[in-house]
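An overview of the molecular structure
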Amino acid sequence: MAPGNGSFVTAFILVGLTDQLDLQVPLFFLFLLMYMVTVMGNLSLIILIGINSHLHTPMYFFLFNLSFTDLCYSSVLTPKMLIDFLSKENIISYMGCMTQFYFFCFFVVSECYVLTSMAYDRYVAICNPLLYNAAMSPKVCSSLMFGSYLMAFSGAMAHTGCMLRLTFCDANTINHYFCDIHPLLQLSCTSTYVTELVVFIMACINIIVPSLTIFVSYGLILSSILHIKSMEGRSRAFSTCSSHIIAVSLFFGSGAFVYLKSSSTGSMDKGKISSVFYTNVVPMMNPLVYSLRNKDVKNALRKTLRRRKY
């Protein structure tokens, strides 16, 4: 398949996380371990929610989708990253790079809106508990997820379409461990003004808008919690939100640091470290945070293990 729109480059070389040879093998085993925990943790949550009927509620429906997106976007990047730790030439084809870029954008934007839907779910559960069943009906939940994946599709198409319009001449070394926006923009031998403008607008829509929605939701939740007279009631309300707050802080914090800044070379190495947080650490931490801090998930796991014994 030929590269699109006049691009002379047929393949890219990925610099990777670091160019220090003595760190390649230790980093391979570290990220392999992290990926194994990510796959096992997210798959376990998906299976657990699927087979336990008492977890078929809006909250766990969104958690199911969160685990799915975490598993997918981690799998889009990490296997290639692991291969490159042990390879002498970290080459990725032009179309392979654009494909990786598209699916990465799709699943990351999906996660933004899944987390936003989860915040709305918690807002309804705490601030309007009597209307919860009607407000979070299966139809509403399905519509929220459909909207999330539609926004992800639109965002990924916009980003990838702009990237395909760029021309890459001689420079083909990507200063990153995957095909990300800013490193690719630095290699273009044509103007990137329009592409950078689209990237900034899409980042504002897909990071700032969900962040503000989540912030407002939790502001209303906090106000509602402070009106609860019993300390036990307050504690229970806070505990249902704490896991989600941790997940949101890790994901949006690292994402905003990487994408709401210029694509200067000096900031690229810092960007790599931040990228590790939302591409490797967040997908690994989410199932741990939601299972270790969640009584329903722990009880479901115990019941499932008991069933298998008998």
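Residues numbered from 1 in each chain as written. Predicted model: local features only at pLDDT ≥ 70, side-chain atom pairs only at ≥ 80, totals over all residues. Heavy atoms only, no water.

**Focus: the overall build of the protein chain**
This is how the line gets drawn: Put simply, DSSP marks the helices as runs of H or I at least four residues long and the strands as runs of E at least two long, and each gets a number from the N terminus on. As a reference, a globule follows 2.2 Å times the number of residues to the power 0.38, and the radius of gyration itself is taken over C-alpha atoms. The contact rule is simple, with two residues in contact once any of their heavy atoms fall within 4.5 Å. Values of accessible area rely on a 1.4 Å probe in the Shrake-Rupley scheme; residue burial ignores everything except the protein chains shown.
Looking only at helices and strands, the protein chain features ten helices and three strands. In sequence order, the secondary structure elements of the protein chain are arranged as β-α-α-β-α-α-α-β-α-α-α-α-α. For 310 residues, the compact-globule estimate of 2.2 N^0.38 gives 19 Å, and the C-alpha radius of gyration of the protein chain, at 21 Å, lies within 12% of that figure. Projected onto the principal axes, the alpha-carbon positions of the protein chain cover approximately 65 × 45 × 35 Å. Sequence-distant contacts in the protein chain: of pairs separated by 6 or more residues, those separated by 24 or more amount to 80%. For the protein chain, the computed accessible surface area is about 15,300 Å², with 69% contributed by carbon and sulfur atoms.

**Some details on the UniProt feature "transmembrane region" (unreviewed entry) in the protein chain**
Basically, it comes down to this: UniProt positions are given in the numbering used here, feature names are shortened, and annotations may be inferred rather than shown by experiment.
When the UniProt feature table is mapped onto this chain, "transmembrane region" (unreviewed entry) is found at residues 27-48, 60-81, 101-120, 140-158, 197-225, 237-260 and 272-292. Between the first and last C-alpha atoms of residues 101-120 the distance is 29 Å; the span itself is 100% helix and 0% strand. As annotated, residues 197-225 comprises 100% helix and 0% strand, and the C-alpha atoms at either end are separated by 41 Å.

**Things to note about the sheet that holds strand 3 (residues 173-174)**
Under the convention used in this document: Should DSSP find at least two bridges between two strands, the strands are taken to pair. Lines fitted to C-alpha atoms define the axes here, with helix axes fitted over just the stretch in contact, and angles between the N-to-C directions of these axes take values from 0 to 180 degrees.
Across the sheet, three strands lie side by side as 2-1-3; this open sheet has mixed pairing. Edge positions in the open sheet fall to strand 2 (91-93) and strand 3, since each of these has one partner strand only. Those strands touched by helix 3 (residues 94-127) are strand 1 (11-14), strand 2 and strand 3, and its axis lies near 85° from that of strand 2.

**Some thoughts on helix 2 (residues 58-86)**
To keep things clear, this is the line we draw: In this analysis, the expected span of each helix is defined as 1.5 Å times one less than the number of residues it contains. Bend angle per residue: angle between axes fitted to the 7 residues ending at that residue and the 7 residues starting there.
Compared with the 42 Å implied by 1.5 Å per residue over 29 residues, the 43 Å span of helix 2 between its first and last C-alpha is a close match. Taken as a whole, helix 2 carries its principal kink of about 35° at S75; the proline P79 stands between one and four residues after it.

**As for the packing of helix 3 against helix 7 (residues 193-226)**
Worth spelling out the cut-off: Orientation labels follow simple angle bins: below 35 degrees gives roughly parallel, above 145 gives roughly antiparallel, 65 to 115 gives roughly perpendicular, and whatever is left gives oblique. We call a crossing left-handed when the near helix sits turned anticlockwise from the far one by less than a right angle, and right-handed when that turn is clockwise.
Viewed as axis vectors pointing N to C, helix 3 and helix 7 meet at an angle of 15°, and their least axial separation amounts to 9 Å. Relative to helix 7, the element helix 3 is oriented roughly parallel. Like other packed secondary-structure pairs, helix 3 and helix 7 cross with a definite hand, here left-handed. The residues of helix 7 that touch helix 3, namely those facing V109, C112, Y113, L115, T116, A119, Y120, R122, Y123, I126 and C127, are I205, N206, P210, T213, I214, S217, Y218, L220, I221, S224 and I225.

**A short note on the nonpolar core**
The following threshold applies: Nonpolar cores are built from buried Ala, Val, Leu, Ile, Met, Phe, Trp, Tyr and Cys residues. Side-chain atoms within 4.5 Å join them into one set. The cut-offs for exposure are 20% and 50% of the maximum accessible area for each residue type, with area from a 1.4 Å probe on protein chains only; residues under the lower value are buried, those over the upper are exposed, and the others partly exposed.
With 79 residues, the main nonpolar core has F12, F31, L115, L184 and F251 as its most contacted residues. Top element by residues in this core is helix 3. It accounts for 19 residues. With residues up to four places along the chain from it excluded, the contact list for L184 reads F12, C97, M98, F101, M163, F168, I174 and C179.

**So, the environment of Y120**
Inspection of the secondary structure assignment puts Y120 in helix 3. With sequence-adjacent residues up to four places away left out, Y120 is seen in contact with M136, L144 and S217.

**Considering the packing of aromatic side chains**
Going by this rule: Aromatic rings from Phe, Tyr and Trp, taking only the six-membered ring of Trp, are treated as a pair when their centres fall within 6.5 Å; an angle between ring planes under 30 degrees marks them as stacked, one over 60 as edge-to-face, and anything in between as tilted.
Counted by the stated rule, this structure contains 16 aromatic pairs. Both rings, one in F28 and one in F29, keep their centres 5.2 Å apart while their planes meet at 80°; by these two values the pair is edge-to-face. With a centroid separation of 6.4 Å and 65° between ring planes, the pair formed by Y94 and F168 is classed as edge-to-face. Pair noted here: Y94 is in helix 3 and F168 is in the loop between helix 5 (138-165) and strand 3, with a separation of 74 residues, a long-range link. The pair Y94 / F168 is uniform in exposure class, with both members buried. Each member of the aromatic cluster is reached from another via a ring pair, and the members are F68, Y102, F103, F106, F107 and Y149.

**Quick notes on the pattern of salt bridges**
For clarity, the threshold we go by: Basic side-chain nitrogens of Lys or Arg form a salt bridge, by our definition, when they fall within 4 Å of a carboxyl oxygen of Asp or Glu.
Throughout the structure, instances matching the rule amount to two salt bridges. Two residues, D84 and K80, come together in a salt bridge whose shortest N-O distance is 3.1 Å. Of this pair, D84 and K80 both sit in helix 2, separated by four residues, roughly a single helical turn. Here D84 and K80 have matching classes, each one buried. Notably, a salt bridge pairs D121 with R122, separated by 2.9 Å at the nearest N-O pair.

**Quick word on the side chain of T160**
With respect to the helices and strands, the residue T160 is situated in helix 5. In this structure, T160 is in contact with M98, F101 and Y102, ignoring residues within four places of it in sequence.

**Quick look at the state of the cysteines**
Applicable threshold: The criterion for a disulfide is a pair of cysteine sulfur atoms lying within 2.5 Å.
Within this structure, the stated rule accounts for two disulfides. Shown here is the disulfide that connects C97 with C179, its sulfur atoms set 2.0 Å apart. Taking the sign of the S-S torsion, -130° for the link of C97 and C179, the bridge is left-handed. Taken together, the residues C97 in helix 3 and C179 in the loop between strand 3 and helix 6 (181-187) connect sequence positions 82 residues apart. Between the sulfur atoms of C169 and its disulfide mate C189 the distance is 1.9 Å. Classification of the bridge connecting C169 and C189 rests on its S-S torsion, roughly 65°, and on that basis the disulfide is right-handed. Taken as a pair, C169 in the loop between helix 5 and strand 3 and C189 in the loop between helix 6 and helix 7 lie far apart in primary sequence, 20 residues in all. Looking at C189, the relative accessible area reads 41%, which means it is partly exposed. The cystine pairing of the protein chain, numbering bonded cysteines in sequence order, is 1-3, 2-4.

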